[in-house]
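Read off the chains here:
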Amino acid sequence: MLRYILKRVGIMFLTLFIIITMTFFIIRAVPGDPLSSMARNLPEQVKINFYAKYGLDQPLFVQYLKFMKNLFMLDLGESLVYPGRSVAENIKRFSPVSARLGIQAVIFGFTTGVSFGILAAFKRNKWPDYVVMFLAILGVSIPGFVTASLLQYYFTVKIPLLPTTGWGTTGHTILPTIALAFGSVAAYARYMRANVLDVLHQDYILTARAKGVPRFSLIWRHVIRNAILPVITILGPQIAGIFIGSFVIEKIFSIPGFGFNYVSAIQNRDFSMILGQTIFFAALYITALLVVDILYGLVDPRIRISGKR
Amino acid sequence: MKSNETDKTVQLTPDMFVIEGCSTIGAEEINRPEITYWEDAWRRLKKNRVAFGALLLLIFLLVMTATGEYMGGYSHEVTDSAIRNMWPDKTHWFGTDELGRDLFSRVWRGGRVSMLMGLLGATISTFIGCIYGGVAGYYGGRTDNIMMRIIEILTTIPYLMVVILISLYFGKGIFPLILAMTATGWCGMARLVRGQILQVKEQEYVTAAIALGAGPWRIITRHLLTNTLSIIIVSITFDIPRFIFAEAFLSYIGLGVQAPDTSWGALASASQQNLMFYPYQLFFPALMIALTMLSFTLLGDGLRDALDPKLRQ
Amino acid sequence: MEKILEVRDLGISFHTYAGEVEAVRGVSFYLKRGELLAVVGESGCGKTVTSKSIMKLLPDSTVEIKKGSEVRFEGRDIIKLGERELEKVRGKDISMIFQDPMTSLNPTMKIGDQIGESLMIHKKLSRREARKKTLEMLAMVNIPDPEERIDSYPHEFSGGMRQRVMIAIALSCEPKILIADEPTTALDVTIQAQIMKLIKNLQKKMGTSVILVTHDLGVVAGSADRVQVMYAGKVVERGTTDEIYYNPKHPYTWALLKSVPGAGSQKKSELYSLKGTPPDLMNPPKGCPFAARCDYCMPVCIEREPEETVSSGIHGVRCWLQHPMSPEVKNPITGGVR
């Protein structure tokens, strides 16, 4: 088990390293001097000082090393567009919002989706199955931004039930969470249903029935425990989807979150901000994947004992 | 009462008790007619009404994206400020947009782009994935190990990051769009193909074929490929909507097709601001995306069931 | 010794896409206390379906239990019971073990828990008591180091070990009947012998009655008290082990015995193999099901199904050769006549 964890952590660091390096060089390689627009009207000497301040007068590789050094000390630099505002500060200010939204969406998505999947499997070919499958197909077919827009239209304008945009109360979080989680609910439901049906055909379920295990225990201890394992493997990519989807959702609902901030940094060409936030985002995502992988290792006794898949 | 239940009224006569030996006529008759794997799969698919319906819907959509633009009689790019933001009516079946352009023709023209992007993305990543996975699976061992590590790292990189980086570097447009979609999109297919090949390699019938003297080329084409093919087909069917979705998303956030070209995602994006007043502008492109994704998904489900050799009848 | 189980006129059909498959067509038999009844036949003859239907363990959706079928356990017809009531019988009064030990255990549950589960459900033992009893069971089935292995998972065991665990689970609540559906088919030959010996020992120790389903006549010879031979959903011959092995009367039984190398055939002759395949049960033949493959087939065999003729107490045969109007036939196994 330990071997398994160490291996995953190792890959995580390696990937992170590659991403950071790649991002750094790509951003630097983008045509257009980041500061040119700002520095255009400054006299020559001031311009030189200006560039020196941001270290942009040094050769690229030196800049890279300096950057990595700063990174180790968790210094992500300053915004190029809004001087004085540090990247880290920005992250600190906006990410709690996104975090809350993201966590809500993941929990909601997983529990709802898995429950629906179980329901559909047990009521196979009866109406609950059809309803769940229909919703699931919808969830997989309708893009997130469409769901969000529709929800916004129907539940805030047509029927003014919830606030349209903004952030602050719990009410503000409901629609965005649903919009964000809709796709995952669908994915979990479909996958869980397939797994439960698969498990129901396994020999060990017959053994359990032959033992006289009562229906409820059978479902809980024998069916669900085995069916849910593979579903955890898609937890990782689903979390990824939530990360990505949040950018758009935040825009639609005008939520002052990390994603929203990130997109505006891109639009402003604020390179150091982009760099810093991209790294943060990547690190977060990779950590989430790692946690899911470890979780899977803990839950599946076959991996827990032997350390390999 | 079944027709072959014993008729107790038949009298037993001595001539019925003469030993004649076994009648092998009956025994051979029960063999059902031979049909090939593909014929059987097609038959099963046709029986599956949902999947078949999805197939028909898909064909309909494809035809519409090819020809729908010309049906309404309006151009997709001519603007007319006099008829801006009009609700759907008899002349403009899907209404008009902010610049007075007919949405019916725009939706179908955009659909062409979306479909093409989806198909193109799926084709490219399938191609790359197959080759990569095929090589990894065929050679196995160290090569396979290294190749799989690379994939592991690639899949850990957040998709959005790739997209943003590519768009930053290459700017906007169709090329960066395709690049962004396929940069990591092939990994799934590669894993799948490699897994299949590894599995099939171990199969006893391959060993048997080798023992019977079949050459490597024959083994690859006849055995490895045929089995992997069904998996690949199903995978492509699920990949295409993924790419259409990706294209819609990317166009939505502004990376992708630029004006005056349009795609479903771009149309959805453009309608965002006017959503409260003119929801129909979002409705139609969104509906088309949903229908396309829906039919591909249902078709994929049906294909998967039809091609599964274990369910063969 | 009284009859602990009586099956009368059991009929089971499966409703498939292509039609109705009559897997079991009017099977009747009984089991006496403390005895081991072997049910033999080739794949598809209906022996597994029969054994599973005793406790109604067949998939609900496609199965039809024909009217008139009776399964009387200690006098009570359990085939009429609902799931809830059956749950009280399964694992407690009647237990079953299955063919493939590799897939018959829950991979995410410790084997100790899987044994303990039965104890806690049926005997209402507490966790500690169940654990104690589980250790006893593990020792009884000869699993080394029970203290350690009780907390292991199935994938840490070999096939033979897993089958022992299955036996432990099945016998933990001291059931009156054990149904063993091809328990040794998936195991190596040497392990087969061990498992059969274990079953026999435990049977003697606990006084359990056993129904052993198998296609392997070799396994049967050493352990069964009575044997019944099934073909195409019907019982074609039944009797004590001695009667079946030393005086078989049905041509199918002859074929089975002839195909076991060394049993009743010449040592230097070719391996005997039966021609043809079993009949399609979607369209069962109206006459004797074995007619198409029988060397002794007569016109009457195709026309009508033979009734069962019982000789010497319990030796029953369903064959027209037993009819007084049929010619005398040399018994290939015994060398005698008919």
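About the thresholds
- Residues numbered from 1 in each chain as written.
- Chains lettered and ligands numbered in written order.
- Predicted model: local features only at pLDDT ≥ 70, side-chain atom pairs only at ≥ 80, totals over all residues.
- pLDDT = per-residue confidence, 0-100.
- Helix = DSSP H or I, 4+ residues; strand = E, 2+ residues; numbered from the N terminus.
- Core = buried A, V, L, I, M, F, W, Y, C linked by C-beta atoms within 7 Å.
- Buried ≥ 20, exposed ≤ 12 C-beta atoms within 10 Å, placed from the backbone.
- Contact = placed C-beta atoms within 7 Å.
- Axes fitted to C-alpha atoms, helices over the stretch in contact; angles between N-to-C directions.
- Parallel < 35°, antiparallel > 145°, perpendicular 65-115°, else oblique.
- Left-handed = near helix turned anticlockwise from the far one by under 90°.
- Nonpolar A, V, L, I, M, F, W, Y, C, P; charged D, E, K, R; others polar.
- Expected span 1.5 Å × (residues − 1).
- Arc of directions from axis to C-beta.

Chemist: Where do I start with the confidence of the model for chain A in this structure?
Modeler: Taken over all residues, the pLDDT of chain A has a mean of 79, while the share at 70 or more is 85%. The least confident element of chain A is helix α2 (residues 36–39) of chain A, whose mean pLDDT is 57; the most confident is helix α9 (residues 203–210) of chain A, at 93.

Chemist: So what exactly am I meant to see when it comes to the nonpolar core here?
Modeler: Within soluble globular proteins, side chains that are nonpolar generally end up buried alongside one another. Counting residues in each nonpolar core, the largest one holds 122 residues, and the members touching the most others are A:Y188, A:A189, A:M192 and B:A268. Ranked by residues supplied to this core, first place goes to helix α8 (residues 170–200) of chain A with 15 residues. Residues in contact with A:M192, not counting those within four places in the same chain, are A:G113, A:V114, A:G117, A:I118, A:A227 and A:V231. C:I78, C:V141, C:M230 and C:Y252 belong to the second-largest nonpolar core, a separate cluster that totals 90 residues.

Chemist: In this structure, what is going on with unusual backbone geometry? I would like to understand it.
Modeler: Excluding glycine, residues mostly carry a negative phi; peptide bonds, for their part, are mostly trans. Residues and elements named next belong to chain A. Although it is not a glycine, S254 adopts a positive phi angle of roughly 50°. Following the sequence through the fold, S254 ends up in the loop between α11 (235–252) and α12 (258–267). S254 sits in the partly exposed class, given 13 other C-beta atoms within 10 Å.

Chemist: Which parts of the structure should I look at to understand the packing of helix α4 (residues 103–139) of chain B against helix α7 (residues 174–185) of chain B?
Modeler: When two helices pack together, their arrangement is captured by the angle between the axes and the distance separating the axes. Residue and element names in this part refer to chain B. Interaxial distance between α4 and α7 falls to 9 Å at its minimum, and their mutual angle equals 40°. Taken as axis vectors, α4 and α7 run oblique relative to one another. The element α4 and its partner α7 pack so that their crossing is right-handed. In contact with M117, L120, G121, I124 and S125 of α4, α7 contributes L177, I178, M181, T182 and G185. Class assignment for the residues of the contact of α4 with α7 results in 6 nonpolar, 4 polar and no charged.

Chemist: Explain helix α3 (residues 49–67) of chain B here, please?
Modeler: Because an α-helix packs 3.6 residues into every turn, residues spaced three or four apart end up facing the same way. All names here are of chain B. Between the first and last C-alpha of α3 there are 27 Å, a value that for 19 residues agrees with the 27 Å anticipated at 1.5 Å per step. Looking at α3, one finds that the buried residues are A51, A54, L58 and T65. An end-on view of α3 places all buried positions within 50° of arc, on one side of the element. Exposed positions of α3 whose direction lies more than 90 degrees from the buried face are R49, L56, I59, F60, V63 and T67. Those residues of α3 hidden inside the fold are in contact with α2 (37–47), α4 and α12 (280–307).

Chemist: Looking at this structure, how should I read the interface of chain B and chain A?
Modeler: One widely used convention gives an interface's size as the accessible area the parts lose upon coming together. At the junction of the two partners, chain B supplies 30 residues and chain A supplies 31 residues. Among the secondary structure elements, those contributing two or more residues to the side of chain B that touches chain A are α5 (141–156), α6 (159–170), α10 (216–252) and α12 of chain B. Its residues assigned to classes, the side of chain B that touches chain A comprises 26 nonpolar, 3 polar and 1 charged.

Chemist: What is the right way to read the packing of helix α5 (residues 87–122) of chain A against helix α6 (residues 127–141) of chain A from this model?
Modeler: All names here are of chain A. Contact geometry of α5 with α6 gives a least axis separation of 7 Å together with a crossing angle of 140°. Between α5 and α6, the angle falls in the class oblique. Crossing geometry of α5 relative to α6 is assigned as left-handed. Contacts from F116, L119 and A120 in α5 reach P128, D129, V132 and M133 in α6. Each residue belonging to the contact of α5 with α6 can be placed in one class, and the counts come to 6 nonpolar, no polar and 1 charged.

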